[in-house]
Amino acid sequence: MRTFDAIIIGAGQAGPSLAARLSAAGRSVAIIERKHVGGTCVNTGCKPTKALVASAHAAHIVRRAADFGVVVGGDFSIDMPSVFRRAHQITLDSRRSNEAWLEGLDNCTLIRGHARFEDRTIVRVDEERLTAAQIFINVGGRAAIPDFPGIRDVPFMTNSDIVMLDRVPKHLVVVGGSYIGLEFAQMYRRFGAAVTVVEKGPRLVAREDTDISDAIRAVLEAEGIDVRTAAECIRFSREGDDLVVGVSCTDGEPDIRGSDILLATGRTPNTGDLGLEAAGLATDSRGYIVVDDALATSIPGIWAMGDCNGRGAFTHTAYNDYEIIAANLLDGEVRKVSDRLPGYALYIDPPLGRVGMSEREARASGRRILVGRLPMTRVGRAVEKGETQGLMKIVADADTRQILGAAIFGTGGDEAIHGVLDLMNVGARYDDLRWAVPIHPTVSEFWPTLVLGMTAVDAT
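Here the structure is a predicted model, which means the values were calculated and not measured.

### Thoughts on the overall build of the protein chain
Line of reasoning, step 1. For the protein chain, the count of helices and strands is 14 helices and 22 strands.
Line of reasoning, step 2. Its C-alpha atoms put the protein chain at 65 × 65 × 45 Å along the principal axes.
Line of reasoning, step 3. In the protein chain, buried positions account for 52% of the 460 residues.
Line of reasoning, step 4. Within the protein chain, contacts between residues at least 6 apart in sequence are counted, and of these 64% link residues at least 24 apart.

### Quick word on the sheet that holds strand β11 (residues 235-239)
Line of reasoning, step 1. As summarised here, the arrangement of the 3 strands in space is β11-β12-β13, forming an open sheet in which the pairing is antiparallel. Each end of this open sheet is capped by a strand with a single partner; those strands are β11 and β13 (255-258). Shown here is a sheet whose adjacent strand axes are inclined to one another by a mean of 25 degrees, direction ignored.
Line of reasoning, step 2. Note: β11 against strand β12 (residues 242-246), 5 bridges, orientation antiparallel. From the neighbouring strand, glutamate 239 faces β12, where its bridge partner is aspartate 242.

### A closer look at the packing of helix α1 (residues 14-24) against helix α9 (residues 315-330)
Line of reasoning, step 1. Relative to each other, α1 and α9 sit at 25 degrees, their axes nearing to 8 Å. If you check the angle between α1 and α9, you find them roughly parallel. When you trace α1 past α9, the crossing you get is right-handed. For the pair α1 and α9, the contacting residues are Ala14, Ser17, Leu18, Arg21 and Leu22 in the first and Ala318, Tyr319, Tyr322, Ile325, Ala326 and Leu330 in the second.
Line of reasoning, step 2. Looking at the contact of α1 with α9 residue by residue, the class counts come to 9 nonpolar, 1 polar and 1 charged.

### Details of the sheet that holds strand β20 (residues 391-397)
Line of reasoning, step 1. Taken in spatial order, the 6 strands line up as β17-β18-β21-β20-β19-β22 in an open sheet, and their pairing is antiparallel. Sheet topology places β17 (343-346) and β22 (455-457) at the edges, where each strand pairs with a single neighbour. Taking each pair of neighbouring strands and ignoring which way they run, the sheet shows an average axis angle of 20 degrees.
Line of reasoning, step 2. Here strand β18 (residues 352-356) pairs with strand β21 (residues 403-409) via 5 bridges, running antiparallel. The residue of β21 that forms the bridge with glycine 353 is isoleucine 408.

### Concerning the environment of aspartate 422
Line of reasoning, step 1. Position of aspartate 422 among the secondary structure elements: in helix α12 (residues 413-425).
Line of reasoning, step 2. On the basis of relative accessible area, aspartate 422 is assigned to the partly exposed category, the value being 46%.
Line of reasoning, step 3. When the C-alpha atoms of aspartate 422 and leucine 341 are compared, they prove to be 9.8 Å apart, with 81 residues separating the residues in sequence.

### Observations concerning the nonpolar core
Line of reasoning, step 1. Among the nonpolar cores identified, the biggest contains 50 residues, and Phe117 and Ile137 are the most heavily contacted of them.
Line of reasoning, step 2. Apart from the residues within four sequence positions on either side, phenylalanine 117 is in contact with Ile9, Ile122, Val123, Ile135, Ile137, Leu274, Gly275, Leu276, Ala278, Ala279, Leu281 and Ile302.
Line of reasoning, step 3. Met80, Ala193, Val195 and Leu262 belong to the second-largest nonpolar core, a separate cluster that totals 40 residues.

### Re a nonpolar patch on the surface
Line of reasoning, step 1. Side chains of Ile61, Val62, Phe68, Val70, Val72 and Phe76 sit close together on the surface and give an oily, nonpolar patch of about 450 Å² of accessible area.
Line of reasoning, step 2. Of the residues examined, phenylalanine 68 reaches a relative accessible area of 40% and is grouped as partly exposed.

### Quick notes on the side chain of asparagine 320
Line of reasoning, step 1. Checked against the element boundaries, asparagine 320 lands in helix α9.
Line of reasoning, step 2. A polar atom in the side chain of asparagine 320 sits 3.0 Å from the side chain of arginine 340.
Line of reasoning, step 3. Discounting residues that sit within four places of it in the chain, asparagine 320 has contacts with Arg335 and Arg340.

### A closer look at the pattern of salt bridges
Line of reasoning, step 1. Under the counting rule described, the total for this entry stands at 28 salt bridges.
Line of reasoning, step 2. Where glutamate 359 meets lysine 393, a salt bridge forms, and the shortest distance between an N and an O atom there is 2.9 Å. Here glutamate 359 is found in helix α10 (residues 359-364), whereas its partner lysine 393 is found in strand β20, with 34 residues between them in sequence. Like glutamate 359, the residue lysine 393 is buried in the burial classification.
Line of reasoning, step 3. Across the salt bridge formed by aspartate 399 and arginine 368, the nearest N and O atoms sit 2.5 Å from each other. Placement of aspartate 399 in the loop between β20 and β21 and of arginine 368 in the loop between α10 and β19 (369-375) is noted, with a sequence separation of 31 residues between them. Across the pair, arginine 368 and aspartate 399 agree in class, each one exposed.

### Side note on the packing of aromatic side chains
Line of reasoning, step 1. Scanning the model with the defined rule gives 6 aromatic pairs in all.
Line of reasoning, step 2. Arranged with centres 5.5 Å apart and planes meeting at 5 degrees, the rings of phenylalanine 314 and tyrosine 344 form a pair that is stacked. Here tyrosine 344 lies in strand β17 and phenylalanine 314 lies in the loop between β16 (302-304) and α9, a separation of 30 residues in the sequence.
Line of reasoning, step 3. Take phenylalanine 314: its relative accessible area is 25%, and that puts it in the partly exposed class.
Line of reasoning, step 4. Of the residues examined, tyrosine 344 reaches a relative accessible area of 6% and is grouped as buried.
Line of reasoning, step 5. A network of ring pairs unites the aromatic residues Tyr179, Phe314 and Tyr344 as a single cluster.

### Topic: the environment of glycine 15
Line of reasoning, step 1. Take glycine 15: it is sitting in helix α1.
Line of reasoning, step 2. Sequence separation between glycine 15 and alanine 206 is 191 residues; the distance between their C-alpha atoms is 32 Å.

Cut-offs and rules
- Residue numbers here run from 1 along each chain, matching the order of that chain's written sequence.
- Residues qualify for local features only when their pLDDT is at least 70, as the model is predicted, and side-chain atom pairs are given and counted only at 80 or more; totals for whole chains, interfaces and linings, by contrast, use all residues.
- Working from all heavy atoms in the structure, the side-chain values ignore hydrogens and water.
- Here a helix means four or more residues in a row that DSSP labels H or I, a strand means two or more in a row labelled E, and each is numbered from the N terminus.
- Categorising residues by exposure relies on relative accessible area from a 1.4 Å probe, with only protein chains included: less than 20% of the type maximum marks a residue as buried, more than 50% marks it as exposed, and the intermediate range marks it as partly exposed.
- Here, two residues are considered to be in contact whenever any of their heavy atoms come within 4.5 Å of each other.
- At least two DSSP bridges between two strands are needed for those strands to be called paired.
- Axis definition: a line fit to C-alpha positions, over the contact stretch in the case of helices; interaxial angles, taken between N-to-C directions, run 0 to 180 degrees.
- With respect to orientation, any angle under 35 degrees is reported as roughly parallel, any angle over 145 as roughly antiparallel, any angle of 65 to 115 as roughly perpendicular, and every other angle as oblique.
- In this scheme the handedness of a crossing depends on how the near helix is turned from the far one: anticlockwise by less than a right angle means left-handed, clockwise means right-handed.
- Gly falls in the polar group here, along with every residue not listed as nonpolar (Ala, Val, Leu, Ile, Met, Phe, Trp, Tyr, Cys, Pro) or charged (Asp, Glu, Lys, Arg).
- Definition of nonpolar core: a set of buried residues of the types Ala, Val, Leu, Ile, Met, Phe, Trp, Tyr and Cys, connected through side-chain atoms within 4.5 Å.
- Residues enter a patch when their relative accessible area is above 30% and they make no salt bridge; the linking distance is 9 Å between like charges and 5 Å between nonpolar side chains (Val, Leu, Ile, Met, Phe, Trp, Tyr).
- Throughout, the Shrake-Rupley method with a 1.4 Å probe supplies accessible areas, and for residues the shown protein chains are the sole cover considered.
- When a carboxyl oxygen of Asp or Glu lies within 4 Å of a side-chain nitrogen of Lys or Arg, that pair is called a salt bridge.
- Whenever a nitrogen or oxygen atom comes within 3.5 Å of another N or O atom, the pair is scored as a polar contact, on the condition that within protein one atom can donate a hydrogen and the other can accept it, and that pairs from neighbouring residues in sequence are kept only if both atoms are in side chains.
- Two aromatic rings from Phe, Tyr or Trp, using only the six-membered ring of Trp, form a pair when their centres are within 6.5 Å; if the ring planes differ by under 30 degrees the pair is stacked, by over 60 it is edge-to-face, and anything between is tilted.

Next up, the structure:
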C-alpha cells in the first residue's frame, strides 16, 4: 500500500489545481484519473463546444455578408470533417497541456485507473491500494438519460457523442430546451441541418425570466429552428430510416421525424461506482455527494468538489470549489459556498450572461424591487454590429439599493455581464452604476441608462 498526504479522485477543473497547491506546500499527492485529464470542460464541454460555436458563427457571418456590404462570390459549403478536426485538436492540445503540467509537479503522482473506496482512508485503483489522511473527490458528471418510452430502441447522442460528430445531420431532433441543447441546436442549424427542439416544459430555458426565454426562442426560430414546447408525451421509435420522437398525445402534430437525436435533458453525477458506501459517504436522492458549506462530506477528512457535489454545474464553480478548500486548509481563511455569487452564460449567438437573481426570483423573495430593461435595438454597439436581438435588464432592492441581479441577452453579453458581477461581489449599490463613465461604444455603457430608467415592481 502506498501512503500519501492527500488523494484526489478525478482530474477535472478542481482536482489538478488543488494538487498543485498541496504539492507546492510540500505535501505528497496522488491524483487519480480513469479517463481523460481535464474533465468535462476540456474534453466534452467548454473547449470543443465553443470551438464548434466559433465555426458555426463563421458560417452565419458568411451567410450575412451582404448585410455588411460584403460580396461573397458563389455558394459556400461546410467542411464538417475540418470543423471537427479543428475543435478536436483544441481539446487534445488542452488535455495534453494539463497532463504535462500535472506530471511535472513536484510531490505529485498522476495515477491512471478507476478509483474505489475500501474504507474512509483507503482507495483502490485497479490492483493497487492507496491511503491518505485527506481525500478529495472531483469525479464530475455526465449526461442524464431519462427513461423515456422507447429510448433504448433508437440510436441517440449525448453531448459527449455529438462533439465527436464529423458530419451534418439531415434533421437533428434535440430533446431538451435548455443550455446544452440550445447551443447544439443553433450550431447545427448554422452548419446546415434541419433542427427541431423538443422541450417538456412550457418554455425554453425555464430558469430564466419569461422575457429572456421568449427572446431566446425568437432568435432561434428566426434562424429556422422549429421549437416544440409543452411536449408532455415524449417517446421514441424507429420507422424505416426515420427516428421518430413523439411530442404530444393530445394536441398538434404528434410526432417529429428526424435523422439524428440529441438528448440534452440534464446531468447526473459520476458517483455510482466509487464505493462511497464503503467510506460511509452520504449522497442525496440524485446521487450527489452531500457536503457542507465548506465542501466537507459527512466523513471527516473527505471533501467533494465540482459537479459531483450538486452545489454548482459549471467549470467556474468547480474551480471556485478548489479555491474555497485551498483557502480554508492552506491559507487560514474561512470561505463558504454560500458566499458564492451565481453567474453563468448561455453560449448561443447572441449569448446570454446572467448574474445573481432573476426578476422572478427577486419578486418571490418578498422584496420591494426595481427593474430596468433595455432592448438591444437601443444599444449603439449592437446596432453598429448589426446584432440587435435580445435585451438587457437589471434588478435591485428598492430599500437597500443593492444590485440583486442582471442579465444581458445580446451581443457581448457573456463578457459585459462581468461589470455587474464584479460590482455585486464587492457589495456595490446601483447608485455606483449611475455615476460611471463607461467606454463608448460598448454594450456595458448602457448600465447607467438601465439604472436611471428602473421602475418599481410589486413582489409576488
